[in-house]
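Overview (structure and organization)
Below are the chains, spelled out letter by letter.
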Amino acid sequence: MKKNASNFLKLVFAGLSAALVCMSTILFVVPLPTGGYVNLGDCFVILSGYMLGPVYGALAAGIGSALSDIFLGFGIYAPATFIIKGLMAVTAYFITLLARKKTSPLKILNAASASVAAEAVMLSGYFLFELVIYGYAGAFADLLGNTIQALFAVASYVAVYSFMLESKLFDYADNIINKNGV
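Residues numbered from 1 in each chain as written. Predicted model: local features only at pLDDT ≥ 70, side-chain atom pairs only at ≥ 80, totals over all residues. Heavy atoms only, no water.

1. Side note on a nonpolar patch on the surface
Condition: Only residues whose relative accessible area exceeds 30% and that take part in no salt bridge are eligible for patches, with like-charged residues grouped when within 9 Å of each other and nonpolar side chains (Val, Leu, Ile, Met, Phe, Trp, Tyr) grouped when within 5 Å. What sets the accessible areas is the Shrake-Rupley method with a 1.4 Å probe; for residues, cover comes only from the shown protein chains. For this document, the term salt bridge refers to a Lys or Arg side-chain nitrogen within 4 Å of an Asp or Glu carboxyl oxygen. By the criteria applied, helices consist of DSSP H or I runs no shorter than four residues and strands consist of E runs no shorter than two, each listed in order from the N terminus.
On the surface, a cluster of nonpolar side chains totalling about 820 Å² of accessible area is made up of Val55, Leu59, Ile63, Leu67, Ile70, Phe71, Phe82, Ile83 and Leu87. Broken down by secondary-structure element, the contributors of at least two residues to the nonpolar patch are helix 2 (41-71) and helix 3 (78-96). In terms of residues, the nonpolar patch owes the most to one element, helix 2, which gives six residues. With respect to the helices and strands, the residue Val55 is situated in helix 2.

2. Brief notes about the packing of aromatic side chains
Spelled out, the test is: In this analysis, rings of Phe, Tyr and Trp, with Trp reduced to its six-membered ring, are considered paired at centre separations within 6.5 Å, and the interplanar angle assigns stacked below 30 degrees, edge-to-face beyond 60, and tilted for intermediate values.
Scanning the model with the defined rule gives eight aromatic pairs in all. Taken together, a centroid distance of 5.0 Å and an interplanar angle of 70° make the contact between Phe127 and Phe140 edge-to-face.

3. A few points about the nonpolar core
Cut-off, in case you're wondering: Put simply, buried Ala, Val, Leu, Ile, Met, Phe, Trp, Tyr and Cys residues joined by side-chain atoms within 4.5 Å make one nonpolar core. Exposure classes here rest on a 1.4 Å probe applied to the protein chains alone. A residue is buried below 20% of its type maximum, exposed above 50%, and partly exposed in between. Should any heavy atoms of two residues lie within 4.5 Å, those residues are considered in contact.
Of all hydrophobic cores here, the largest spans 29 residues; its most connected members are Leu47, Ile84, Met88, Met122, Tyr157 and Tyr161. Counting only elements with at least two residues in this core, the list comes to helix 1 (2-27), helix 2, helix 3 and helix 4 (104-166). When neighbours within four sequence positions are excluded, Met122 is seen to be in contact with Asp42, Ile84, Lys85, Met88, Asn146, Gln149 and Ala150.

4. Observations regarding helix 3
To keep it simple, the criterion reads: By this rule, a helix spans an expected 1.5 Å times one less than how many residues it contains.
Compared with an ideal rise of 1.5 Å per residue, which puts 19 residues at 27 Å, helix 3 spans 26 Å between its outermost C-alpha atoms and is within 8% of the ideal. Within helix 3, burial applies to Ala78, Ala80, Thr81, Ile84, Lys85, Gly86, Met88, Ala89, Ala92, Tyr93 and Thr96.

What follows is the structure in C-alpha cells.
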C-alpha cells in the first residue's frame, strides 16, 4: 500500500511540475534579438529531474515544455522538446543525486554542474534538431540564443536550488514525495 501511495504522490507532483514548467516558460518570456527567448522553464525542468527522479521528472519536464512550445506557437519543436527536456531532467537527476550526501557548498557546486550538464544536453539536442530542420545556417544561427538561455537557466537553477537547500524545502518535499509523511 505504501508503494502505491508513493507512486500516486509522485504522479501528482509530476503533474504539478509539468504545469510549473509550462507556466514558467510561458509567463516569463523575453525574446532575444538573436532568435529564441529566455525563460524560467529550464530551471524547473532541472528541478523536476532532481526532485522526482528520472522517470517522473523526465515526463514532467518533457510534457510541460512540449505544451509550452505548442501554446507559444512553436509546435514544430514540441516532439523534439519533449525528448530533449526529458533527457535534461534525467541528466540533472543522476548528477545531483551525488549531492544528497555532500555538505552545502559541495551540493551547490554539484547543482551547478548538473545544470551545466543538462543545458549541454539542451544545446546539443536543439542543435541537432535544427540541423535536420533548417540545415547548418539555421542551427548555427539559433546557437547563440540557446546559449544565452542556457546561461540564464544555470544561474536561475543555482539560485532556486540554493534557496530550497537553505530553507529545508528539499527535505520537506522529499519526506512527502518519497516517504509519505508530513
